[in-house]
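Inside the fold
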Amino acid sequence: MKRNMLVAAVAAIVLCAALPAGAQAAAPLTGETISVLLPPWATLPKDMTDRFTAQTGIKLSLQTLGWDEIRTKIITASIAGSAPADVTEVDWSWVGQFGMSGWYAPLNSMVDASAAKDLPETAIFTYDKKLIGIPYNNDFRLLIFNRQHLSAAGIAQPPKTLAELLADAKAIKEKGVVKYPLALPLSATEGTSTSWYLLTKAFGGDLFDSNLKPLFTSPDSAGYKALAWEIDALKAGLIDPAATGLKDVEVQELFKNGQASFDVAGWAGNLSVYTDASKSKVASVAEGALMPTVSGKTRTFGLPEAVGVPAASTHKAAAEAFVRWFVAPENQMESYTALGNLPTRTSVLKSLNDSGKLASGKALLAQAAVVEPLFRQGTPTWYPQFSSAVSAAINQAAKGQLSVDAAIKQIAAQAADAQAQ
Amino acid sequence: MSSELVNSETALTRAGNASAVNSERMLGFAFVAPIVVVMGFLVFGPVLVTLWDSLHRVDPMRAGTPFIGLDNYRNLMSDARVLHAWLNTLAYVVFAVVLETLGGLGAALLLNRITWGRRWLLAAVVLPWALPPVVNAIVWSWIYNPSHGLLNSVLFSTGLIGAYHVWFNDRTTALLLVALVHVWRMLPLTAVILLAALQSIPAELYQAARLDGAGPFRLFSKVTLPLISGGLAIALSQSTVFAFNLFDEAWILNGSSLDTRSVLIQVYMSAFQDLRFSYGMALSVLVMFASLVISLVYVLRVYRETRYD
Amino acid sequence: MRPSLLSRIGLLACTALLLIWSLGPVYWALVTSLSAPIDLVSASPHFFPVHPTLEHYRQLLGATSFYEGSAVQSVWPQFSRALVNSLLTSLLATIVTVALAAVGAYAFVRLKFPGRNVLFVLVVASLAIPAYTVMIPLYRLMVSMKLIDTYFGVTMIYVSAFLPLALWLMRSVYQSLPLSLEEAAWMDGAGRTYTLFRIVLPLAAPGLIASAILTFLSAWGQFMIPLVFSPTLSTKPLTVLIPEFVSRNYVDYGLMNAAGMLAIIPPIVVVLFLNRYLVQGLMAGSGK
């Protein structure tokens, strides 16, 4: 008798637990409000956010924060077991660290086999078979230049090698077209590190070997030469001395205002913003070209960004609805034209190019074909610490406080330190 | 003999008022109990935990907290970034104390002389202290902006500099400018402390000294300075402690750049960017000891004063 | 001895210098917040807005905001929430701190109990401990008690930070009150607690107000503590929201200064109208 009652009680409890889950799936999510934490280039226009609310009934509280500040915000909240927001940015460089700590809910159910083909970057955001973010920004780097400045200096074609880039910049400066032709960030922020990685690749080398040992320590290595190139360009007056206080988004403003000729580590998606007359002063003359390298054969790497749902979020269903909406083809297209986020869906890229809406489409697609990941084995968990050590050292070298040699040694030492943990 | 009388008197009082004394004790405990709880849980407890944990490895991303003895401290001594941070903080303390004391003294002397509209001048002087340091940093970072800032345009148009400077490129200038924002905020505190000290000097002393033929300089050094020495000591130790705690200004003005990184920024970064809690805790232990030693003056004065109760 | 003309001019010049030093940056921020963006990037400084505009304030307080030329969701919901958070935590911290200090300081001054002096010295000595040095274990404590991102957690941290100064202040206020007043009350048979609440506290009102002002201003201006303990909008104060705002709007100086101006309205109000109490508090708090 008692046993039957026990079984009945257990069954009742199990049923009660199952009911809400079922109810949640059935009931519309109308009236819920979710908070979304994204970097500045994902500040969705009002029409888009209003449209989302109209379609799903979910209200959005969109919080945008400088990219360098987002990671710390996510960490402080996540360690405490609370969700920094219901949907947050998940950058390729955080996958190792965030994946290991289990702070993000797996989104494998949202992407089936065919969708995964259309979104190739999902591989980068998979940690231990769990998909912790759906990619929304297909960022990779290429050279963006101001055609008008080049013509004014008598240069017909964009540079194909780094030597040509330097020579072109010098010519532009000498002709007085612009004071500081090269736009490169040199502050202690992530943009500085990633431009150095790009230049390392341009010099024909890599950062780490397959055993994650640094390859940039000897003076004839690509990384060393890349840093020396940057500092020499700065000393030659080709980079604005104020760049030591500028982030990547701020040097992009210089380019948009026509104060720089080359956005050296240009973001692929930004071409849509640069060619938009309502947003940039160089709309008619901004063009993309393949990243120049020492050998002339272009190389670049990818820095995709995704949106993820923190495991501690209390509005997971609504958050997933937002993620699904955000990477839907038509919204990826609008996100590109309004904000410069290059679509991650191959199908969308193709249709954009076919309809001629892909600015500098030819160069973009050619560059996209050679995009490599920075870490073939997946982003290590110590990457964020390594990267901030890199930008701090480059910042000091740019201010003349460290020689290139000393800066490289400092980076290597702190890489070893980060890896040891 | 009189002491025997006093003793028997107090013995009588004690016997008669034992319950009164007891209830006073209970009441005293009751009144300070919440304070003990709050300070114990949120200040003294954590201090002890910090001391203990700094001898272990405590990282939120890794399991276990093994005992590692003085390893954290050893690593701190050899960490170049930490050394940078200490030097920067020392620079802040020196700049801040010197500028705040000189400026505060000047402001206090001026306020003491002014009789008409002193209340409004005092309000204006105190305003920078009352504002959130974060807002100060934003306002001043706009002033320091290399391309469009007020500092560059004023210096350039008055011919003091040949071209616009990028102020934060040079480490010394960067430290000075960050310290300047801190001084702007903390100078009012020194000024008010010294003003209070100045106002407690009786006018007759000045009259007597003048009768003896003392000029303004002798008046200052022989009458004013000695009599405000107490207030000066307090202002100095306050300036030091606050300069040690410098975080907001350096963080907003120059971010995590090593040039201007204070020790507290390094503590914050070790904990919340590098995720090495015990490393940050070891550093904060060192900061605490340094700060305590330097403000020993203040603590001793407090103790001397409470002994007279 | 009548001050000579020279010394009068000297005094005036020094006063002007002091005023420019203290108020100049605030005035400049005000001008910037009211200037059109084109005027801000012009070569020469304008000490009065050339084209005065309220567009920056409209962006902060209005229905839409702008970003890179396109209209985006209004920031007002976040701004207003952060404002409420700032007000709530500052007021709560003030009330709790002053209450504890008013009662506790009385015990330190008028009541005898074992360990009184030691405890007082300890509490006030904690003023020398930078509040941030206990931040990491505090963080772990709050995490384990699930108090991160709660009003209670942040408020209690503020209380522990500002209590020593308030205690010191109230103690010197009580010491300056003549014992005879209280003795008269005891003669009439009043209890200690009654004396405290009905007789002493009303007389110590200026001290209470001074403590309240000091605590409120300190709590309003806190940055690092809420940066760690209030990471999300549920409890994020204005001081944390504004730099985030700055990190997103890196070129919009007018907007940044406008946001700053809004955040300093309460402190300015306090300084203007409660200046007397504030200065009293600062003077007393510096250990006369």
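All figures in this text were calculated on a predicted structure; none of them were measured in a lab. All residue numbers refer to positions counted from 1 along the written sequence of the respective chain. Chain A is the first chain written and ligand 1 is the first ligand written, with later ones labelled in order. pLDDT decides what is reported in this predicted model: residues at 70 or higher carry local features, side-chain atom pairs at 80 or more are listed and counted, and totals for whole chains, interfaces and linings draw on all residues regardless. Values shown for side chains rest on all heavy atoms present in the structure; no hydrogens or waters enter the calculation.

Notes on the overall build of chain B
The cut-off we apply is this: Each helix is a run of H or I in the DSSP string that is no shorter than four residues. Each strand is a run of E no shorter than two, and both are numbered from the N terminus. Each radius of gyration reported is based on C-alpha atoms, and the globular scaling rule is 2.2 Å times the count of residues to the power 0.38. Buried residues are those whose accessible area, probed at 1.4 Å on protein chains only, stays under 20% of the maximum for their type, while exposed residues exceed 50% and partly exposed ones sit between those limits. Contacts were defined at the residue level, with two residues in contact if any of their heavy atoms lie within 4.5 Å. Where accessible areas are quoted, they stem from the Shrake-Rupley method and a 1.4 Å probe; at the residue level, only the protein chains shown are allowed to cover. Neither His nor the chain termini are counted; the positive set is Lys and Arg, and the negative set is Asp and Glu. Charge positions are represented by NZ for Lys, CZ for Arg, CG for Asp and CD for Glu.
Along chain B, the regular secondary structure elements total 15 helices and zero strands. Its C-alpha radius of gyration of 26 Å places chain B more than 25% over the 19 Å reference for a compact globule of 309 residues. Principal-axis analysis of the C-alpha atoms places the extent of chain B at approximately 85 × 75 × 30 Å. Here chain B, with 309 residues, has 53% of them falling under the buried criterion. Sequence-distant contacts, at least 24 apart, represent 68% of the contacts inside chain B between residues at least 6 apart. Approximately 13,700 Å² of chain B is accessible, and the part contributed by carbon and sulfur atoms is 67%. Where the 19 positive side-chain charges of chain B centre and where its 17 negative ones centre are 4 Å apart.

Structural notes on the overall build of chain C
Scanning chain C from terminus to terminus reveals 15 helices and two strands. The C-alpha extent of chain C, read off along each of the three principal axes, is 75 × 70 × 35 Å. By residue count, 59% of the 288 residues in chain C fall in the buried class. If you take every contact in chain C between residues at least 6 apart in sequence, the share linking residues at least 24 apart comes to 69%. Roughly 11,500 Å² of accessible area belongs to chain C as shown, and the carbon and sulfur atoms make up 73% of that amount.

Some words on the interface of chain A and chain C
Cut-off, in case you're wondering: We define buried area as the total accessible area lost by two parts upon association, computed with a 1.4 Å probe and summed across both. The salt bridge criterion pairs a side-chain nitrogen of Lys or Arg with a carboxyl oxygen of Asp or Glu, the two atoms within 4 Å. For this analysis, a polar contact is any N or O atom pair within 3.5 Å, provided that within protein one partner can donate a hydrogen and the other can accept it, and provided that sequence-adjacent residues contribute only side-chain to side-chain pairs. Three categories are distinguished: nonpolar for Ala, Val, Leu, Ile, Met, Phe, Trp, Tyr, Cys and Pro, charged for Asp, Glu, Lys and Arg, and polar for the others, with Gly belonging to the last.
Listed as interface residues are 29 residues of chain A and, on the opposing side, 24 residues of chain C. Buried surface at the junction of chain A and chain C, both sides included, amounts to about 2,300 Å², of which 56% is carbon and sulfur. It is K46, K73 and T76 of chain A in chain A that bury the most area against chain C; as a group they hold 22% of the surface buried on that side. For the pair chain A and chain C, the number of links is one salt bridge. Taking the shortest distance from any N to any O, the salt bridge between K73 of chain A and E244 of chain C comes out at 2.6 Å. Taken together, chain A and chain C are joined by four residue pairs in polar contact (both at pLDDT 80 or more). Breaking the side of chain A that touches chain C down by element, the ones donating at least two residues are α2 (46-56), β2 (59-64), α3 (67-79) and α10 (248-256) of chain A. Broken down by element, the side of chain A that touches chain C gets its largest block of residues, six residues, from α3 of chain A. Looking at the side of chain A that touches chain C residue by residue, the classes come out as 14 nonpolar, seven polar and eight charged.

Observations concerning the sheet that holds strand β6 (residues 134-137) of chain A
Residues and elements named next belong to chain A. Where we set the bar: Any two strands with at least two DSSP-identified bridges between them are counted as paired. Only the stretch in contact is used when a helix axis is fitted, and all axes are lines through C-alpha atoms; the angle between N-to-C directions ranges over 0 to 180 degrees.
The mixed open sheet is built from five strands, whose spatial order is β2-β1-β3-β12-β6. The open sheet has two edge strands, β2 and β6, and neither has a second partner. Between one strand and the next, the sheet's axes are offset by a mean angle of 30°, whatever the strand orientation. Here helix α12 (residues 316-326) sits on the sheet and contacts β1 (33-38), β2, β3 (87-91), β6 and β12 (305-308); the angle it forms with β1, its principal contact strand, is near 50°.

What about the domain arrangement of chain B?
Residue and element names in this part refer to chain B. The following threshold applies: Here the bounds of each domain stem from an automatic or database domain assignment.
Taken as a whole, chain B is organised into domain 1 (2-53) and domain 2 (72-308). At the interface, four residues of domain 1 touch six residues of domain 2. Considering only the surface of domain 1 that becomes buried against domain 2, T50, L51 and D53 emerge as the three largest contributors, covering 84% of it. Our enumeration of links across domain 1 and domain 2 arrives at zero salt bridges. The interface formed by domain 1 and domain 2 includes zero residue pairs in polar contact (both at pLDDT 80 or more).

Re the sheet that holds strand β8 (residues 182-183) of chain A
Strands in a sheet are paired, the pairing made by backbone hydrogen bonds, and the direction either parallel or antiparallel. Residue and element names in this part refer to chain A. With respect to topology, four strands assemble into an open sheet ordered β8-β9-β7-β10, the strand pairing being mixed. Each of the sheet's edge strands pairs with one partner strand only, and the pair in question is β8 and β10 (286-289). The pairing of β8 with strand β9 (residues 262-267) spans two bridges and is parallel. Paired with L182 across the two strands is F262, which belongs to β9. Sheet strands in contact with α10 are β7 (141-146), β8, β9 and β10, and its direction is about 130° off that of β9.

Comments concerning the interface of chain B and chain C
A common way to state how big an interface is: give the accessible area lost once the parts meet. Listed per partner, the contact involves 93 residues of chain B and 98 residues of chain C. When the two sides are added together, the surface that chain B and chain C hide from each other amounts to roughly 8,500 Å², 79% of it contributed by carbon and sulfur. Broken down residue by residue, the surface that chain B buries against chain C is led by F31, L42 and W142 of chain B, which jointly contribute 9%. In this structure, the connection of chain B to chain C is made through one salt bridge. The partner of D53 of chain B in a salt bridge is R140 of chain C, and the shortest N-O contact between them spans 2.5 Å. Linking chain B with chain C are six residue pairs in polar contact (both at pLDDT 80 or more). When residues of the side of chain B that touches chain C are assigned to their parent elements, the largest contribution, 21 residues, is made by helix α2 (residues 18-53) of chain B. Class assignment for the residues of the side of chain B that touches chain C results in 72 nonpolar, 12 polar and nine charged.

Thoughts on the nonpolar core
Soluble, globular proteins show a tendency: their nonpolar side chains are buried together. What counts here: We define a nonpolar core as any set of buried Ala, Val, Leu, Ile, Met, Phe, Trp, Tyr and Cys residues linked to one another through side-chain atoms lying within 4.5 Å.
Formed by 306 residues in total, the largest nonpolar core has its most connected members in L182, W196, F322 and F386 of chain A together with Y139, Y174 and F229 of chain C. In terms of residue count, the dominant contributor to this core is helix α8 (residues 171-199) of chain B (19 residues). For this core, the domains that each give at least three residues are domain 1 (2-53) and domain 2 (72-308) of chain B. Excluding anything up to four places from it in sequence, L182 of chain A contacts L165, A169, W229, A233, L238, I239, D240, F262 and V264 of chain A. One finds L271, Y274, L349 and L364 of chain A within the second-largest nonpolar core, a separate group that totals 18 residues.

Notes on the side chain of T298 of chain A
Residues and elements named next belong to chain A. On the secondary structure map, T298 appears in the loop between β10 and β11 (300-301). One polar contact links the side chain of T298 to the main-chain carbonyl oxygen of M291, over a distance of 2.8 Å. Here the side chain of T298 touches Q367 through a polar contact of 3.2 Å, side chain to side chain. Ignoring sequence-local partners within four residues, the contact set of T298 consists of L290, M291, T293, Q367 and V370.

Thoughts on the pattern of salt bridges
In total, this model carries 24 salt bridges over all chains according to the counting rule given. Put simply, K201 of chain A and E372 of chain A hold a salt bridge, and the shortest N to O gap is 2.9 Å. Residue K201 of chain A is located in helix α8 (residues 190-202), and its partner E372 of chain A is located in strand β13 (residues 371-372); the two are separated by 171 residues in the primary sequence. For the pair K201 of chain A and E372 of chain A, a shared accessibility class is recorded, and that class is buried. The closest approach of N and O atoms between R81 of chain B and D79 of chain B, which form a salt bridge, is 3.2 Å. Here D79 of chain B falls in the buried class, since its relative accessible area comes to 12%.

Examining unusual backbone geometry
Located in the positive-phi region is S360 of chain A, a residue other than glycine, with phi close to 50°. Judged by relative accessible area, which is 22%, S360 of chain A ranks as partly exposed. Even without being a glycine, K146 of chain C presents a positive backbone phi close to 60°. With respect to the helices and strands, the residue K146 of chain C is situated in the loop between α6 (135-144) and α7 (151-176).

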